Amino acid sequence: MALLKSDMAGEGAKVLPRHIAIILDGNGRWAKRRGLPRTAGHAAGAETFRRIATYCKDLGIDYLTVYAFSTENWKRPREEVEAIMGLLGKYLREAVETMERDHIRLKILGDASILPESLRGLIHETADISTHYEGFQANVCLNYGGRDEIVRAALRFAEDYRAGRVSTLTEDMFSGYMYSAGIPDPDLIIRPGGEKRLSNFLMWESAYSELVFTDVLWPDFTGADIDAAIAEYARRDRRFGGIKK
Ligand code: FPP
């Protein structure tokens, strides 16, 4: 990263994305290639998340959002869903211990209401600790769907409109009804694992995100892959519908 950082010194921080989002993909294939159960791939993926979150924080990224469990992932075998929930619980329990020390904010994006009671308690605990800090924020999308998020936002807006609390709607106001309210849109979305689609991830927020796809399977993902994605991002010409200056 040294090269990129020194490049940034002259160019200004604009080449460093403020918000990186990642679709965690390839855990199952990683495990299969090693003759391991899929759940071993998820355990390795959870470790990779921990490593990459620290890497992004140290790099000066403000927000890292990961797609860990979608509204569609409930279709997977019960043992796999239970293993993923167990890993998330383990991660959140450890986060409660370390967030205060490392000054990390953690937010869960998604419908927590149908998650196991123990996970809901931990989500509240980490949200509460997060209010004490400013700085790096990790967002974990859990029971999350991009279209679902938009529908829920529309319903919440309709309630406010009916009650007379609002009389108009702008894009900024609508963003305030999303799970991601208050979080800047992702500048860069990375999808490891070889697929080239968004799979219902951040449908509203990704309007102007730069997309980077890589064949690396998520458990194998390293800081060098983050560097490569940021270097690719820095080469892009972000015009937001305008023209090149
Ligand atoms: C996608 O790989 C991965 C998932 C659906 C689960 C991701 C969950 C974790 C890594 C667990 C804990 C997460 C955190 C943030 C602590 P896949 O199973 O679809 O892989 P495949 O396409 O190779 O089958």
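Computed from a prediction, not measured in an experiment: that's the story for all the values here.

**Q** So what about the site of the ligand? Which residues, and what values?
**A** Around the ligand, 17 residues are found, and the nearest of them are Asp25, Gly28, Arg29, Arg38 and Arg76. The contact in question runs from an oxygen atom of the ligand to an N or O atom on the side chain of Asp25, over 3.0 Å. Contact between the ligand and Asn27: an oxygen atom at 3.2 Å from a main-chain N or O atom of the residue. Its free accessible area being 630 Å², the ligand has 92% of it covered by the protein chains. A majority-of-atoms criterion places the ligand in the largest pocket.

**Q** Quick one: what's the story with empty space enclosed by the protein, residue by residue and with numbers?
**A** As enumerated under the stated definition, the model contains one cavity of 30 Å³ or more in all. When its volume is computed, the largest cavity comes out at roughly 40 Å³. Forming the boundary of the largest cavity are His19, Thr65, Leu109, Asn139, Ser180, Ile183, Pro186, Leu202 and Glu205. For the lining of the largest cavity, a count of residues per class yields four nonpolar, four polar and one charged.

**Q** How would you sum up the layout of surface pockets? Please name residues and give values.
**A** Put simply, the largest pocket is a space of about 680 Å³. Lining the largest pocket are 28 residues; nearest its centre among them are Leu24, Asn27, Tyr67, Ala68 and Asn73. For the lining of the largest pocket, the elements supplying multiple residues, two or more each, are α2 (27-33), α3 (38-59), β2 (63-70) and α4 (78-102). In the lining of the largest pocket, the residues fall into 13 nonpolar, eight polar and seven charged. When its volume is computed, the second largest pocket comes out at roughly 270 Å³. Around the second largest pocket sit 16 residues that line it, and Arg50, Tyr91, Thr98, Asp102 and Ile104 are the ones nearest its centre. Put simply, the parts of the chain that give the lining of the second largest pocket at least two residues each are α3 and α4. Top contributing element to the lining of the second largest pocket by residue count: α4, with seven residues. When its residues are assigned to classes, the lining of the second largest pocket shows eight nonpolar, two polar and six charged.

The rules behind each value
Residues numbered from 1 in each chain as written. Predicted model: local features only at pLDDT ≥ 70, side-chain atom pairs only at ≥ 80, totals over all residues. Heavy atoms only, no water. Near = heavy atom within 4 Å. Polar contact = N/O pair within 3.5 Å; in protein donor to acceptor, adjacent residues only side chain to side chain. Areas by Shrake-Rupley, 256 points an atom, 1.4 Å probe, with all protein chains shown as cover. 1 Å grid on protein atoms, 1.4 Å probe; cavity = no way out; pocket = protein on both sides within 12 Å on 5 of 7 lines; lining within 4 Å. Sits in = over half its atoms within 2 Å of the grid points. Points joined across faces, edges and corners; volume = space filled by probe spheres on them. Nonpolar A, V, L, I, M, F, W, Y, C, P; charged D, E, K, R; others polar. Helix = DSSP H or I, 4+ residues; strand = E, 2+ residues; numbered from the N terminus.

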